[in-house]
Amino acid sequence: MSSPAIQSALTQMQSMASQAAGQPNRGQQVATAVGAGGFAGELQASIQRINRLQQASAAKAEAFQAGDPGVELNDLMADMQKGSVAFQMGTQVRNRLVSAYKDVMNMQV
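Presented here is an overview of the structure given in this document. Keep in mind that what you see is a predicted model, and the values were worked out from it rather than measured.

1. Thoughts on the overall build of the protein chain
Next, step 1: Per the secondary structure count, the protein chain includes 3 helices and 0 strands.
Next, step 2: For the protein chain, the sequential pattern of α-helices and β-strands runs α-α-α.
Next, step 3: When the 109 residues of the protein chain are sorted by exposure, 10% land in the buried category.
Next, step 4: Once local pairs closer than 6 in sequence are excluded, the contacts in the protein chain between residues at least 24 apart make up 29%.
Next, step 5: In the structure as shown, the protein chain presents an accessible area of about 8,700 Å², 58% of it carried by carbon and sulfur atoms.

Put into structure tokens, the structure is as follows:
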């Protein structure tokens, strides 16, 4: 990920955290479409984004192997890393969701 993309993601996360805490946004706007579909919708959208990243990197790898002159090795490696990091993040989110579910199920009422 590039530095501006990381900075943008960090800004959005800080804005959402302050919004959740009931604090003013400090002049920043967050799209209201985020979370409009609920948790299941957001989870499905995230999985679809991860899938698109991996499919794009696989397609670029095939094009590079076929000798397409428009595909550079450094672009291919960057896309493959993006797909890999996105998949690892998805796996970690899944693991934490399962752990949280187990904790809730083990609570005594």
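Okay, back to it.
2. Quick word on the pattern of salt bridges
Next, step 1: Across all of its chains, the model carries 1 salt bridge by this definition.
Next, step 2: A salt bridge links D79 to K60; the shortest N-O distance between them is 2.8 Å. Of the two residues, D79 sits in helix α3 (residues 73–105) while K60 sits in helix α2 (residues 38–65), which places them 19 residues apart along the sequence.
Next, step 3: On the basis of relative accessible area, D79 is assigned to the buried category, the value being 19%.

3. Looking at the side chain of D79
Next, step 1: At 2.8 Å, the side chain of D79 forms a polar contact with the side chain of K60.
Next, step 2: Beyond its immediate stretch of four places on either side in the chain, D79 contacts S57 and K60.

About the criteria used
Residues numbered from 1 in each chain as written. Predicted model: local features only at pLDDT ≥ 70, side-chain atom pairs only at ≥ 80, totals over all residues. Heavy atoms only, no water. Helix = DSSP H or I, 4+ residues; strand = E, 2+ residues; numbered from the N terminus. Buried < 20%, exposed > 50% of the residue type's maximum accessible area, 1.4 Å probe, protein only. Contact = heavy atoms within 4.5 Å. Areas by Shrake-Rupley, 256 points an atom, 1.4 Å probe, with all protein chains shown as cover. Salt bridge = Lys/Arg side-chain N within 4 Å of Asp/Glu carboxyl O. Polar contact = N/O pair within 3.5 Å; in protein donor to acceptor, adjacent residues only side chain to side chain.

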